Amino acid sequence: MAGAFLMPFGLYNLTKQGVGRQRASLRRRLLSVRFSERRVVPMGLFSGLFRARDAPTNRTSGSAYSFFMGGSTSGKRVNERSSMQMTAVYSCVRILSEAVAGLPLHFYRYTDNGGKEKAADHPLYFLLHDEPNPEMTSFVFRETLMTHLLLWGNAYSQIIRNGKGEVIALYPLMPDRMTVDRDEKGQLYYSYLTGNDDAPTMKGSTVNLSPSDVLQN
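Residues numbered from 1 in each chain as written. Predicted model: local features only at pLDDT ≥ 70, side-chain atom pairs only at ≥ 80, totals over all residues. Heavy atoms only, no water.

**Concerning the overall build of the chain**
Summing up its helical and strand segments, the chain has seven helices and eight strands in all. Buried residues in the chain amount to 19% of all 217 residues. Residue pairs in contact within the chain that sit at least 24 positions apart in sequence constitute 37% of those at least 6 positions apart. As displayed, the chain has an accessible area near 16400 Å², and 58% of this comes from carbon and sulfur atoms. (Helix = DSSP H or I, 4+ residues; strand = E, 2+ residues; numbered from the N terminus. Buried < 20%, exposed > 50% of the residue type's maximum accessible area, 1.4 Å probe, protein only. Contact = heavy atoms within 4.5 Å. Areas by Shrake-Rupley, 256 points an atom, 1.4 Å probe, with all protein chains shown as cover.)

**Description of the sheet that holds strand β3 (residues 156–161)**
If you trace the three strands from one edge of the open sheet to the other, you get β4-β3-β8, paired in antiparallel fashion. Both outer strands of the open sheet, β4 (167–173) and β8 (214–216), are each paired with one neighbouring strand and no more. The average angle at which neighbouring strand axes cross in this sheet is 30°, direction not considered. Here β3 runs beside β4; their pairing, made up of six bridges, is antiparallel. Within the sheet, the bridge partner assigned to Tyr156 lies in β4 and is Leu173. Across the sheet, helix α7 (residues 138–152) touches β3 and β4, and the angle it forms with β4 is around 40°. (Pairing = 2+ DSSP bridges. Axes fitted to C-alpha atoms, helices over the stretch in contact; angles between N-to-C directions.)

**Here's the deal with the pattern of salt bridges**
Enumeration over the complete set of coordinates arrives at five salt bridges. Residue Glu98 is joined to Arg94 by a salt bridge in which the shortest nitrogen-to-oxygen separation is 3.1 Å. Here the residue Glu98 and the residue Arg94 both occupy positions in helix α5 (residues 87–101), the gap between them amounting to four residues, near one helical turn. Arg109 is paired through a salt bridge with Asp121; the nearest N and O atoms lie 2.7 Å apart. Placement of Arg109 in strand β1 (residues 108–110) and of Asp121 in the loop between β2 (116–118) and α6 (123–129) is noted, with a sequence separation of 12 residues between them. Overall, Arg109 belongs to the partly exposed group, its relative accessible area being 29%. (Salt bridge = Lys/Arg side-chain N within 4 Å of Asp/Glu carboxyl O.)

**What to know about the sheet that holds strand β5 (residues 178–182)**
Strand order in the open sheet formed by three strands is β5-β6-β7, and the pairing between neighbours is antiparallel. Each edge of the open sheet is held by one strand with a lone partner, namely β5 and β7 (206–209). Across this sheet, the average inter-strand angle for adjacent strands is 25°, counted without regard to direction. Across five bridges, the pairing between β5 and strand β6 (residues 188–193) is antiparallel. When the sheet's bridge partners are listed, Asp181 is paired in β6 with Tyr189.

**Side note on the confidence of the model for the chain**
With 61% of its residues at a pLDDT of at least 70, the chain reaches an overall mean of 75. Between residues 1–16, whose pLDDT stays under 50, and residues either more than four places distant or in other chains, the model counts two contacts. Throughout residues 33–72 the model reports pLDDT below 50, and contacts reaching past four residues in sequence, or to other chains, amount to 18 contacts. (pLDDT = per-residue confidence, 0-100.)

**Some remarks on the packing of aromatic side chains**
One pass over the full model with this rule turns up one aromatic pair. On the numbers, 6.0 Å between centres and 70° between planes, the contact of Tyr156 with Tyr190 is edge-to-face. Of this pair, Tyr156 sits in strand β3 while Tyr190 sits in strand β6, and the two are 34 residues apart along the sequence. Like Tyr190, Tyr156 is buried. In this structure, Lys116 is placed above the aromatic ring of Tyr108, and the distance from its NZ or CZ to the ring centre is 5.2 Å. (Phe/Tyr/Trp six-rings, centres within 6.5 Å; stacked < 30°, edge-to-face > 60°. Lys NZ or Arg CZ within 6 Å of the ring centre and 35° of its normal.)

Below, the structure is given as structure tokens:
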């Protein structure tokens with residue numbers, strides 16, 4: 001073709017390689033500029049989200065959120081009352097207390113021949129077997145005492161007597177309000193702190209009880 005310029009094959013290859021190098025160099029410059037303009041995100045922002053979660057701790061509240069979102073604690077104090085909000089504790093206490101309360105409870109007296117017989121005519125038989133106080137049955141009374149014993153390690157009941165000194169009622173007392181101590185003479189006494197759910201004339205006061213007025217289990 002007239003006027004056409006034909007480049008030798010070897011020179012054409014060299015020229016093509018040079019253009020390729022220039023393009024590659026230009027591409028590297030553009031990439032370096034783009035990367036330099038990007039922000040570097042500190043790894044500390046993600047370290048809390050991707051920390052190890054293979055051994056979550058057991059908590060009474062917020063355990064699920066603490067497991068999925070990291071190791072945060074609610075700081076809630078666990079005591080005898082709040083522990084009953086856990087299904088395992090509630091189930092164990094309920095099973096044991098109901099099992100003990102459902103056992104037969106009878107009052108016996110010894111006979112002259114060395115044996116024993118059921119004393120259904122004794123005043124304490126009705127209190128222990130049927131109704132310890134006008135507000136509780138024997139089942140509820142023993143269930144309450146067993147619950148106190150399992151949670152606090154002690155169970156207390158106030159013994160109510162009439163003018164003749166006969167026992168006419170038994171009322172459970174909260175173990176966390178009871179303090180057992182000795183006076184200056186070394187005599188044992190029980191100090192009970194009344195609460196808002198007690199009699200209106202005794203709110204916020206402390207009542208001292210003698211050992212003969214308290215049944216401790």
